[in-house]
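The residues making up each chain are set out below.
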Amino acid sequence: QVQLVESGGGLVQAGGSLRLSCAASGSIPRLYHMGWYRQALGKERELVARMSSGGNTQYADSVKGRFTISRDNAKNTVYLQMSSLKPEDTDVYYCRLATLTSRYYWGQGTQVTVSS
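Just so you know, these numbers come straight off a predicted model, no measurement behind them. (Residues numbered from 1 in each chain as written. Predicted model: local features only at pLDDT ≥ 70, side-chain atom pairs only at ≥ 80, totals over all residues. Heavy atoms only, no water.)

A short note on the sheet that holds strand β7 (residues 67-72)
Strand order in the open sheet made by the four strands is β1-β3-β8-β7, with antiparallel pairing throughout. The two strands at the open ends of the sheet, each matched to only one other strand, are β1 (2-7) and β7. Averaged over neighbouring strand pairs, the angle between their axes works out to 15° when direction is ignored. Alignment of β7 against strand β8 (residues 77-82), held across six bridges, turns out to be antiparallel. In the strand pairing of β8, S70 is matched with Y79. (Pairing = 2+ DSSP bridges. Helix = DSSP H or I, 4+ residues; strand = E, 2+ residues; numbered from the N terminus. Axes fitted to C-alpha atoms, helices over the stretch in contact; angles between N-to-C directions.)

Some details on the nonpolar core
Residues L4, W36, L80, M82 and Y93 are the most contacted members of the largest nonpolar core, which totals 28 residues. Counting only elements with at least two residues in this core, the list comes to β1, β3 (18-26), β4 (32-39), β5 (46-51), β7, β8, β9 (91-99) and β11 (110-115). At four residues, β3 tops the list of elements feeding residues into this core. If we ignore the near neighbours within four places in the chain, the residues touching L80 are L18, R19, L20, W36, V48, A49, F67, T68, I69 and Y93. (Core = buried A, V, L, I, M, F, W, Y, C linked by side-chain atoms within 4.5 Å. Buried < 20%, exposed > 50% of the residue type's maximum accessible area, 1.4 Å probe, protein only. Contact = heavy atoms within 4.5 Å.)

That's the geometry; what it means functionally is another story.
Put into structure tokens, the structure is as follows:
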């Protein structure tokens, strides 16, 4: 089993920045993909950004140029640097680890609230 723990969420004014962290522990495979997703109440969870085991990245159009995903493999941690935050970025943000055999693990989520 893999456990994921997110941190770094909070309340920030529009235009501000936050950095989310997600630390993985447990039976971590040697190769895995990491990603950040977000979900508003009553809506489907959507991709924000993800990074493959090889370092390739993908971003949602709505966050391109504002958010940056990175990972520290030595620490089994993935980060999401969020800048120029907008009220519409307000959501619960979830970290996901995907194995190369398509097994998925999710964190418990961290709330990000952007005030106007």
